[in-house]
Structures are given as C-alpha cells and as structure tokens.
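# A structural walkthrough
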Amino acid sequence: MGTEKLVVIGGNAAGMTAATKARRLNHRLQIKVFEKGPYVSYAS
Ligand SMILES: Cc1cc2nc3c(=O)[nH]c(=O)nc-3n(C[C@H](O)[C@H](O)[C@H](O)COP(=O)(O)OP(=O)(O)OC[C@H]3O[C@@H](n4cnc5c(N)ncnc54)[C@H](O)[C@@H]3O)c2cc1C
C-alpha cells in the first residue's frame, strides 16, 4: 500500500484551505500545491 497523495492546483484561499484541512485529517498524506504566481496565501 503506497503513500496517499493529494495535488492542489492554486495556492490562494481555496487551495491552501484544502491543503491545510487535508493535512489536519491525514498527517501521512503527501501534499503538493502548485501556484502559478509568486506567492501563496497564509494566515496565522
Ligand atoms: C474585485 C474583487 C475584490 C475582492 N475583494 C475581497 C476582499 O476585500 N475581501 C475578501 O475577503 N475577498 C475579496 N474578494 C474575493 C476573494 O478574492 C476570493 O473569494 C478569493 O480570492 C477566492 O480564492 P480562491 O482560492 O477560490 O481563488 P483565487 O484567489 O482565484 O486563487 C486561485 C489561485 O490559483 C492559481 N492558479 C490558477 N491557475 C493555475 C494553474 N494552472 N496552475 C497553478 N496555479 C494556478 C492562481 O494564481 C491563484 O493564486 C474579491 C474578489 C474580487 C474579484
């Protein structure tokens, strides 16, 4: 059984929300976020 993987296209509000939610649900998930711009969204 291989590592589960998630690819997210877009690193603004929706993309980073999806990635961080997925991380909280599954600590072993391999997540890659692709953002075409120079910055990704973040919030403390
Ligand atoms: C004029 C205007 C003013 C707004 N003002 C406000 C405001 O004051 N406050 C507020 O809370 N909301 C505001 N919003 C709403 C807010 O912009 C959106 O709700 C929010 O940005 C949506 O986030 P999103 O992640 O869904 O989409 P987006 O912000 O569009 O993010 C999509 C991301 O995907 C990336 N992307 C696209 N295609 C690819 C690709 N092929 N490969 C890699 N990356 C890709 C883009 O570069 C982008 O970073 C405003 C919207 C508009 C149009």
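About the thresholds
Residues numbered from 1 in each chain as written. Predicted model: local features only at pLDDT ≥ 70, side-chain atom pairs only at ≥ 80, totals over all residues. Heavy atoms only, no water. Helix = DSSP H or I, 4+ residues; strand = E, 2+ residues; numbered from the N terminus. Buried < 20%, exposed > 50% of the residue type's maximum accessible area, 1.4 Å probe, protein only. Contact = heavy atoms within 4.5 Å. Areas by Shrake-Rupley, 256 points an atom, 1.4 Å probe, with all protein chains shown as cover. Pairing = 2+ DSSP bridges. Right-handed = clockwise from strand over helix to strand, strands pointing away. Near = heavy atom within 4 Å. Polar contact = N/O pair within 3.5 Å; in protein donor to acceptor, adjacent residues only side chain to side chain. Nonpolar A, V, L, I, M, F, W, Y, C, P; charged D, E, K, R; others polar. Patch = residues over 30% accessible without salt bridge, like charges linked within 9 Å, V, L, I, M, F, W, Y side chains within 5 Å. Salt bridge = Lys/Arg side-chain N within 4 Å of Asp/Glu carboxyl O.

### Focus on the overall build of the protein chain
From N to C terminus, the protein chain includes one helix and two strands. For the protein chain, the succession of helices and strands along the chain, N to C, is β-α-β. Looking at the 44 residues of the protein chain, the share that counts as buried comes to 16%. For the protein chain, long-range pairs separated by at least 24 residues make up 60% of all intrachain contacts whose partners lie at least 6 apart in sequence. Element-wise, carbon and sulfur atoms account for 57% of the exposed surface of the protein chain, whose accessible area totals about 4,000 Å².

### Focus: the pairing of strand β1 (residues 5-9)
Relative to strand β2 (residues 30-34), β1 runs parallel, the two sharing five bridges. When the sheet's bridge partners are listed, Val 7 is paired in β2 with Lys 32. Handedness of the β-α-β unit built from β1, helix α1 (residues 13-25) and β2 comes out right-handed.

### Things to note about the site of the ligand
Neighbouring residues of the ligand: Ile 9, Gly 10, Asn 12, Ala 13, Ala 14, Phe 34, Glu 35 and Lys 36. Taking Ala 13, its main chain carries an N or O atom lying 3.1 Å from an oxygen atom of the ligand. In the model, a nitrogen atom of the ligand is placed 3.4 Å from a nitrogen or oxygen of the Phe 34 main chain. Across the complex, the protein chains shield 29% of the 990 Å² of accessible surface that the ligand would expose by itself. Along the lines of polarity and charge, the residues of the shell around the ligand split into four nonpolar, two polar and two charged.

### Things to note about a nonpolar patch on the surface
Taken together, the side chains of Val 7, Ile 9 and Phe 34 make up a nonpolar region of the molecular surface, amounting to roughly 340 Å² of accessible area. As for its placement among the helices and strands, Ile 9 is situated in strand β1.

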